[in-house]
Amino acid sequence: MGAGREVQISLDEVRDKNLMQLKKLNTVLFPVRYNDKYYADALSSGEFTKLAYYSDICVGAIACRLEQKEGGAVRVYIMTLGVLAPYRGIGIGTKLLNHALDLCSKQNIVEIYLHVQTNNEEAINFYKKFGFEITDTIHNYYTNITPPDCYVLTKLIDQPQAKK
């Protein structure tokens, strides 16, 4: 990156016509194959699922699912967030995650969470920078990868206080 150059990172919503971009990214980024329900959930989450482009090249994505909790509250589950290796460290993952966190605040969603493989230090440290905490360990969560265990990382989102 040349000094003083503004990095062009843009986000675009996922829809039927560009769903293949998300599928291709996931094949490269993750050791897990995702089923049709994953993609249906990603599409139905609307603004919570985004593709990230660096100078018009699709290099990353966040895919979320909205879940109804008991009592009617909604929480967000980050199914996947990933950026192609050559494009890491320049703010793309941060932009994707901040987008989801901002949407949570605007929509009065107070909880967002995800699963991370227990040996994925890079991801764990990334999420901790945003205030996520390890709230649980699930043994044998993954079936075809080692280690099979995951952490549940959760962030409770402060809602803006109404002005008095």
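Scroll up to find the structure.
In this report, we go over the structure that sits alongside the text. (Residues numbered from 1 in each chain as written. Predicted model: local features only at pLDDT ≥ 70, side-chain atom pairs only at ≥ 80, totals over all residues. Heavy atoms only, no water.)

This next bit is on the sheet that holds strand β2 (residues 50-54). One open sheet holds the seven strands; their spatial order is β1-β2-β3-β4-β5-β7-β6, and the pairing between them is mixed. For this open sheet the edge positions go to β1 (9-13) and β6 (133-138), each flanked by a neighbour on one side alone. Taking the axes of each pair of neighbouring strands and ignoring which way they run, one obtains an average angle of 25° across the sheet. One ladder, built from five bridges, connects β2 with strand β3 (residues 57-68); its direction is antiparallel. Residue pairing for β3: L51 is matched across the bridge by A61. Relative to β3, helix α2 (residues 36-44) is tilted by about 90°, and along the sheet it contacts β3 and β4 (74-83). With respect to the sheet, helix α3 (residues 92-106) is in contact with β1, β2, β3, β4, β5 (111-117) and β7 (150-156), its orientation differing from that of β4 by roughly 170°. (Pairing = 2+ DSSP bridges. Helix = DSSP H or I, 4+ residues; strand = E, 2+ residues; numbered from the N terminus. Axes fitted to C-alpha atoms, helices over the stretch in contact; angles between N-to-C directions. Contact = heavy atoms within 4.5 Å.)

Residues I78, I92, L97, I112, Y127 and F132 are the most contacted members of the largest nonpolar core, which totals 30 residues. Counting only elements with at least two residues in this core, the list comes to β2, β3, β4, α3, β5 and α4 (121-129). It is α3 that contributes the most residues to this core, seven residues altogether. I78 has contacts with I62, A63, C64, L97, I112, Y113, L114, Y127 and F132, leaving out every residue within four places of it along the chain. Core analysis: the second largest hydrophobic core is formed by 18 residues, L25, Y53, A61 and Y77 among them. (Core = buried A, V, L, I, M, F, W, Y, C linked by side-chain atoms within 4.5 Å. Buried < 20%, exposed > 50% of the residue type's maximum accessible area, 1.4 Å probe, protein only.)

The next subject is the environment of Y77. For Y77, the position within the fold is in strand β4. Within polar-contact distance, the side chain of Y77 engages the side chain of H115 at 2.7 Å. (Polar contact = N/O pair within 3.5 Å; in protein donor to acceptor, adjacent residues only side chain to side chain.)

This next bit is on the layout of surface pockets. What the largest pocket holds in volume is close to 1300 Å³. The wall of the largest pocket is formed by 41 residues, among which F30, Y34, M79, T80 and L81 lie closest to the centre. At the level of secondary structure, the elements contributing two or more residues to the lining of the largest pocket comprise α2, β4, α3, β5 and α4. Among the elements that take part in the lining of the largest pocket, β4 stands out by supplying seven residues, more than any other. Here the residues of the lining of the largest pocket sort into 22 nonpolar, twelve polar and seven charged. (1 Å grid on protein atoms, 1.4 Å probe; cavity = no way out; pocket = protein on both sides within 12 Å on 5 of 7 lines; lining within 4 Å. Points joined across faces, edges and corners; volume = space filled by probe spheres on them. Nonpolar A, V, L, I, M, F, W, Y, C, P; charged D, E, K, R; others polar.)

Bringing the environment of E70 into the picture now. Mapping E70 onto the fold places it in the loop between β3 and β4. Residue E70 is classed as exposed on the basis of its relative accessible area, which comes to 83%. Spatially, the C-alpha atom of E70 lies 32 Å from that of N144, the residues being 74 residues apart in sequence.

This brings us to the pattern of salt bridges. This model, assessed by the stated rule, comprises eight salt bridges. Put simply, D12 and R15 hold a salt bridge, and the shortest N to O gap is 3.3 Å. Of the residues examined, D12 reaches a relative accessible area of 25% and is grouped as partly exposed. With a shortest N-O distance of 3.3 Å, E47 and K50 are connected by a salt bridge. Classification of E47 as partly exposed rests on a relative accessible area of 35%. Under the relative-accessibility criterion, K50 is labelled buried at 7%. Sharing partners across several salt bridges, the network here consists of K37, D41, R65, E67, K69, R75 and E111. (Salt bridge = Lys/Arg side-chain N within 4 Å of Asp/Glu carboxyl O.)

Scope: geometric values only; no functional claims are made or implied.
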